[in-house]
Amino acid sequence: RWIPDIYLGNDDFATVTTVLKAGNAIFLQLAHVLSIEGIGNRNLKIDTGFLPLAPAGAGLSEPLCRDILLLNRTLGEVLCEQEGPELVNLARRLFAGAADGGDPATLFERIPEINDPARLQPLVRAYTILFQLINTAEQKEIVRVNRLRQERSDGSARPESISEALFRLRDSGAGAEQLQDLLLRVEICPTLTAHPTEARRRAVLNKLEGIATALADADMPLESIRLDSPPNSAARASRELKRILTALWQTDEMRANAISVSDEARNILYFLEHTIFDVVPWLHDDINSALQAAWPGVGFRIPAFVKYRSWVGGDRDGNPNVTPEVTWQTLLLHREIALEVYLTRVAALRRDLTQSIRKVPASPELMASLEDDAKAIPLSEDRLSRYTLEPYALKLVYIYRKLAATQQQLSALAGGSGVQATGVQRPAYSSSGELVADLKILQDSLRNHNAAIIADEGPLQRLIVQAETFGFHLATLDIRQHSDEHAKALDELFQESGILTSGRKYSAFTEAEKIKLLTYELSCARPLVPRDWQGSADARRALEVFDVIRRARRELSPESVNTYVISMTHGISDVLEPLLLAKEAGLLRWGTENGRRYLESELDIVPLFETIDDLNGCDSLMRRLFANPAYKLHLEARGRFQEIMLGYSDSSKDGGYLAANWALHDTQARLAAVCRKAGVSLRLFHGRGGTVGRGGGRANRAILSQPAGSFDGKIRFTEQGEVVSFRYSMTPIAYRHLEQIVNAVLIAAEGKTNDAENRRWPACMRTLAETSREAYRELVYDDPEFWRFYTQATPVAHISRMPIASRPVFRPGKVLSGLEEIRAIPWVFAWVQSRYMLPGWYGMGAALHGFAKKSAANRELLRQMYASWPFFKTVIDNAQLELVRAHIPTAEWYSSRVRPARLGKRIHQKIVEDFDLSRKLVLAITGQEALLDNSRVVRQTVDLRNPIVAPLNRLQVALMAKWDEVAAHNDPQAPAWREAILMSIAGVAAAMQSTG
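Residues numbered from 1 in each chain as written. Predicted model: local features only at pLDDT ≥ 70, side-chain atom pairs only at ≥ 80, totals over all residues. Heavy atoms only, no water.

**Topic: the overall build of the chain**
Along the chain, the regular secondary structure elements total 39 helices and 11 strands. The buried share among the 996 residues of the chain stands at 59%. In the chain, the share of contacts with a sequence separation of at least 24, taken over all contacts with a separation of at least 6, comes to 79%. Here the chain displays about 39,600 Å² of accessible surface, and carbon together with sulfur accounts for 51% of that area. (Helix = DSSP H or I, 4+ residues; strand = E, 2+ residues; numbered from the N terminus. Buried < 20%, exposed > 50% of the residue type's maximum accessible area, 1.4 Å probe, protein only. Contact = heavy atoms within 4.5 Å. Areas by Shrake-Rupley, 256 points an atom, 1.4 Å probe, with all protein chains shown as cover.)

**Some words on the packing of aromatic side chains**
Here the distance between the centres and the angle between the planes together describe a pair of aromatic rings. Scanning the model with the defined rule gives 31 aromatic pairs in all. Their ring planes at 25 degrees and their centres at 5.4 Å tell us that W761 and W869 sit as a pair that is stacked. One end of the pair, W761, is in helix α29 (residues 760–780); the other, W869, is in the loop between α34 (856–868) and α35 (870–885), and 108 residues separate them in sequence. Looking at W761, the relative accessible area reads 4%, which means it is buried. Where Y790 meets W831, the ring centres are 5.2 Å apart and the plane angle is 40 degrees; that geometry is what we call tilted. Here the residue Y790 occupies a position in helix α30 (residues 786–793), and W831 occupies one in helix α32 (residues 824–833), the gap between them amounting to 41 residues. The pair Y790 / W831 is uniform in exposure class, with both members buried. An aromatic cluster is defined as three or more aromatic residues linked by ring pairs; in this entry it consists of F786, W787, F789, Y790, W827, W831 and Y836. Directly above the aromatic system of Y506 lies the positively charged group of K514, at a separation of 5.4 Å from the ring centroid. Just above the ring of W590 sits the side chain of R597; from NZ or CZ to the centre is 3.9 Å. (Phe/Tyr/Trp six-rings, centres within 6.5 Å; stacked < 30°, edge-to-face > 60°. Lys NZ or Arg CZ within 6 Å of the ring centre and 35° of its normal.)

**Here's the deal with the confidence of the model for the chain**
When pLDDT is averaged across the chain, the result is 87; 87% of the residues are at 70 or more. With pLDDT under 50 throughout, residues 1–46 is counted as low confidence; its partners more than four residues away or in other chains account for 74 contacts. Throughout residues 417–425 the model reports pLDDT below 50, and contacts reaching past four residues in sequence, or to other chains, amount to 14 contacts. (pLDDT = per-residue confidence, 0-100.)

**Remarks on the pattern of salt bridges**
Scanning all chains against the criterion turns up 59 salt bridges. Notably, a salt bridge pairs E555 with R551, separated by 2.9 Å at the nearest N-O pair. Here R551 and E555 lie together in helix α20 (residues 537–555), a separation of four residues that amounts to about one turn. Residue E860 pairs with R863 through a salt bridge whose shortest N-O separation is 3.4 Å. Remark: R863 and E860 occur in helix α34; sequence separation between them is three residues, near one turn of the helix. Residue E860 is classed as partly exposed on the basis of its relative accessible area, which comes to 43%. Through salt bridges with shared partners, a single network forms among E187, R309, D478, E643, R683 and R716. (Salt bridge = Lys/Arg side-chain N within 4 Å of Asp/Glu carboxyl O.)

**Focus on the sheet that holds strand β1 (residues 187–192)**
The nine strands are arranged β3-β2-β1-β11-β10-β9-β8-β5-β4 in an open sheet whose pairing can be described as parallel. Sheet topology places β3 (476–477) and β4 (479–482) at the edges, where each strand pairs with a single neighbour. Across three bridges, the pairing between strand β10 (residues 681–687) and strand β11 (residues 714–719) is parallel. Residue F685 lies in a different strand from β11, and its bridge partner there is R716. Relative to the sheet, helix α24 (residues 648–655) contacts β9 (641–647) and β10, its axis offset from that of β9 by approximately 40 degrees. (Pairing = 2+ DSSP bridges. Axes fitted to C-alpha atoms, helices over the stretch in contact; angles between N-to-C directions.)

**Notes on the nonpolar core**
Judged by nonpolar contacts, the single largest core of 162 residues is most densely connected at I188, Y308, Y342 and L403. The biggest single contributor to this core is helix α10 (residues 261–294), with 15 residues. Not counting chain neighbours up to four residues away, the residues in contact with L403 comprise L339, Y342, L343, V346, Y429, L435 and F472. Counting residues in each nonpolar core, the second largest holds 131 residues, with L241, V942, W977 and A990 among its members. (Core = buried A, V, L, I, M, F, W, Y, C linked by side-chain atoms within 4.5 Å.)

**Thoughts on the environment of H634**
Tracing the backbone through its elements, the reader meets H634 in helix α23 (residues 629–637). Look at H634 and you get buried, because its relative accessible area is 2%. In sequence terms H634 and L588 are 46 residues apart; their C-alpha atoms lie 8.3 Å from each other. With near-sequence residues (within four places) excluded, H634 lies in contact with L579, L588, L599, S601, L603 and I605. Within the structure, H634 has its side chain in polar contact with the side chain of S601 (distance 2.9 Å). (Polar contact = N/O pair within 3.5 Å; in protein donor to acceptor, adjacent residues only side chain to side chain.)

**Considering the pairing of strand β8 (residues 604–609)**
Burial analysis of β8 places six of its six residues in the buried class, the great majority of the element. Of the two faces of β8, the one lined by D604, V606 and L608 and the one lined by I605, P607 and F609 are each fully buried. Bridge count for strand β5 (residues 563–567) against β8 is four bridges, and the pairing is parallel. Looking at the pairing, T563 lines up with D604 of β8. As defined by bridge partners, β8 adjoins β9 across two bridges and the pair is classed as parallel. Across the sheet, the residue bridging to L608 is M645, located in β9.

In structure tokens:
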């Protein structure tokens, strides 16, 4: 059974890449005993560290194999020192036992030592850390491969780079003027969301980053020159690796308590401060260099085209912990971190810009600005004399003082006294634009005095880009709330104002009645209630959110908050309701000019369409909304700009993978058409999750597969969960991620994606989507026993107790009672744990099979769509990734837990049938012999992981059975067993690199 996995090259047997698959754990154990060496030029020597790993057997690159073996060996050493060799031996027994097909129900009998949770917990933790180390090694490998691509011997641009995109546009006929227009249109807004389904603590992430650095140091060639480390840095690196691993082992893997919103905010802001802040200027450097290479001598204006947003501290949908006070404190934290970063950068720049007027003059504008600064900001004589001949450094001293004064205002703001503490106002900046203006005075002077390279390249230019991009707000905070909450507040407001006197509640009105009342009230200048009105706590909270928005825009920055997102938007009233609440807070105001009334509006109101039905009908809803007289005026006040958010998570949970993807694709085209006809500028906001089942996957490919004519360069998308730490922990990976997105946006915005849809393709997709949705809903929603299967065949009940997010797993007031109540993240998380990966493919097999079996022409059409339609290719490739990550033999152990047994067997078999159909049809459509043949590296990482995660999965199944027994008898060790289950969940999440 190993022979099919042997690859014979065209020349000789030296090209054999693998004989032993890492998935065959039994043979790996035998290989360890026999010390089998490599075949040809492959070294398959089995490691003697924590587990007997043979990464080369999975086909991984030699540098990655070396790193994994080093980490595995060092982990083994640390565990032997910290816990004794017994733990390593126990881990190896568990590893070997996973390959023998043993029933998890007898696991505690076969390995009696694990009946003690005190011994079991460190065992699970050791496996978890191994996966974290493998993940870290893979991240380092990504950096290594991208550096090799950077140094292409033929001089061509690196694939999916900014340079490649610009040269492609030039070669297709784009001129400099066309490119300048494109640059002014491009808006890329990654949005860090309040779904931090990250099972690891910040302390753990920091140590893993240190391990990556130690690996890189250990990998440095002896002949390399490092000026920041001793000559024996490689030897020191191995010791440093062991030191950090020891510290990691002695650190709690999981938080003692549930994470707070403040913790979430600090976690997200960490990435902004330590990675994103530096990466964004790199993008500007690259785009400037590529433009000069493609259009030499042309001066381009490059605006701040990448701007970050955040939901953390502003997303109150279903999260009672996000109060108005928490939102205000989050906004202050944004400003605090931004100012701290600027102070550090300005201090460093002062030491860099030491040009003397004895060597080169300074501009009159710079000298005049110094005179103005001297009047406002007194400096000591000693300080002034120190910089008498260095005007650039002196200007930066004044800039630093102004930033420090700006920072001092935060204490007054945090205390609630606002900016009335005038004692610190005069030397402070009133906006980040003033900081940019000061920095540009320096830049212009340098540029005009034979120092253009200093002005336009290096720390000064990067600081200007940072100030233009991040301002004093760092990342604009979105406010999000569920549509149901606004009606509750308006019930009370309309009653208090005397508008509704009949005893009827506003929430009981028909949709037409709501629209009529809301439209009328929006046209009235007077408020509904006095500013000091004290209603119920719920009503006050709803209004106070808008008060916080108003205060932030006045006292912090107009960019601090400018968007209000409405979850589960079903009707026009859902959009008009928060607009009316904004009017109560003064964010929507009527004015008069030359006898004509006009409206001022400070907020973009963003509807979020999430269910399949809402997606199918949202173009009609927006058409009617644009015709509403009150909303028309709001749009005029916002420059006829409309942002619309599309929910990938809930649509997939509602209708299944294939139906959701088609609904979202089709919706984009329909919304674009509606907005064009209405003369409205559209920006789509893609609410993508981390996994394929929640819209995850390669962001750049998703951009390139958008419908033709639906994209003009403006885009927002969410970044969340473990995806954030993967993409932003290391600056080179963050850079590559953003570089690929910019590449795709530039190409797609100019319509260069070759996505000329054949007229037959959409019709085919509609058929596939409908069949897929029927199959999905038949299982998930229509089968009365499905919920019982799901709650027993996955660890969803235990996931709800993991302290990984401030937002509850279930919607407010709900319990583990049905599919409607569970959120999309834990829904997917549970399927990942049980290795079904069902949300990423189920229903596709039935749809593709049903269509293909009708005729040979249909089968050929599917192959044609895969070859020529980027959208369809992306959908199929994302699904085959999930099909590969699924492991049906493991999933069967989870289904064996279900009672009655016939239910577990029945639904498991139904899932397997669609899995087999999906796999068969994907291979037929793509022309591959095995799934992911077109992405071998990804396939290899799965092959490496499967035999290592199998012990954890089987242990988790045994632990869930143990918990049922423990809970039934009120065992005093119940907390310890519960902790072991949660640790197993964290371990599988690390192995699968996904929490949903």
